[in-house]
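Remarks on the overall topology
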Amino acid sequence: MSEKRQYVVVVNSVREQAYQTLRNEIVSMELKPGTVISTQDTATRLNLSRTPVREAFIQLQEERLLEISPQKATVVSKIDFNRVYQEWFIREALEVENMRAFAKRASKKTLETMKEMITDQYAALKTEDYVKFLELDNCFHQMEFADTNGELAASLIRKMNGHYDRLRLITSKEEGRGDGIVKEHEQLISCVSRNDAEGAASLLKQHIHELQSYQEIALVRWPDYFVHN
């Protein structure tokens, strides 16, 4: 899992570069919950000045991915289920409604791209590359906004998913879960291909909620990764 990848390809500034790199490291669990980091060490490691790194830290703090306190060490935030539920709510509210529109107007090109992503997801599972699997999962669902002029909603989901995505990542390693996720993607494609808007929306809602059944397993397997309220 040491390979660094970026969810967003275009980097517009040094600050954005620092932010994207750090966020990817946090969401991919390369920087695990509870890890102590500093602006100086991070700037040195990324070969950047401290200013853009400090600005990236502030942005990540706003997303609740870093905990920054005066006179205390900066640490990678542990996964907080209260935050997970909020991010969950945002995704469901925006994506399920968008799916109804997408099912009625999806282009052949978009559906073909999504089918290719499904093939790539199976390949990622075969090599146990769960970070790549999550990236492809996110890209698959972002494609649902491609034909609906829903970029604003898509960008909000991308930005507000740090705690939720970390939970998705660690639970995707559970036996059978990854295959189940991809099979549901295939079912979604089938519904959309038939222009079955309500069927697709219902399936998507179920698909999003399926993660709930793995919460207790995650808490038992990785107790140090979570906030215990």
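Attention shifts here to the packing of aromatic side chains. In the structure shown here, the tally under the stated rule is four aromatic pairs. One aromatic cluster in this structure is built from F81, Y85, W88, Y164 and F226. One residue, R177, lies across the ring of Y214, its end atom 4.9 Å from the ring centre.

The geometry of helix 4 (residues 81–105) relative to helix 7 (residues 151–159) is characterised by a closest axis approach of 10 Å and an angle of 160° between their N-to-C directions. Taken together, the axes of helix 4 and helix 7 lie roughly antiparallel to each other. Like other packed secondary-structure pairs, helix 4 and helix 7 cross with a definite hand, here left-handed. The segment helix 4 lies against helix 7, with I90, R91, L94 and E95 engaging A153, L156 and I157. Counted by class, the contact of helix 4 with helix 7 contains five nonpolar, no polar and two charged residues.

On to empty space enclosed by the protein, then. For the structure on display, the rule yields two cavities of 30 Å³ or more. What the largest cavity holds in volume is close to 140 Å³. Lining the largest cavity are 15 residues; nearest its centre among them are R91, D137, R168, R177 and I181. At the level of secondary structure, the elements contributing two or more residues to the lining of the largest cavity comprise helix 6 (130–142), helix 8 (162–171), helix 9 (177–193) and helix 10 (197–209).

Reading the values: rules and limits
- Residues numbered from 1 in each chain as written.
- Predicted model: local features only at pLDDT ≥ 70, side-chain atom pairs only at ≥ 80, totals over all residues.
- Heavy atoms only, no water.
- Phe/Tyr/Trp six-rings, centres within 6.5 Å; stacked < 30°, edge-to-face > 60°.
- Lys NZ or Arg CZ within 6 Å of the ring centre and 35° of its normal.
- Axes fitted to C-alpha atoms, helices over the stretch in contact; angles between N-to-C directions.
- Helix = DSSP H or I, 4+ residues; strand = E, 2+ residues; numbered from the N terminus.
- Parallel < 35°, antiparallel > 145°, perpendicular 65-115°, else oblique.
- Left-handed = near helix turned anticlockwise from the far one by under 90°.
- Contact = heavy atoms within 4.5 Å.
- Nonpolar A, V, L, I, M, F, W, Y, C, P; charged D, E, K, R; others polar.
- 1 Å grid on protein atoms, 1.4 Å probe; cavity = no way out; pocket = protein on both sides within 12 Å on 5 of 7 lines; lining within 4 Å.
- Points joined across faces, edges and corners; volume = space filled by probe spheres on them.

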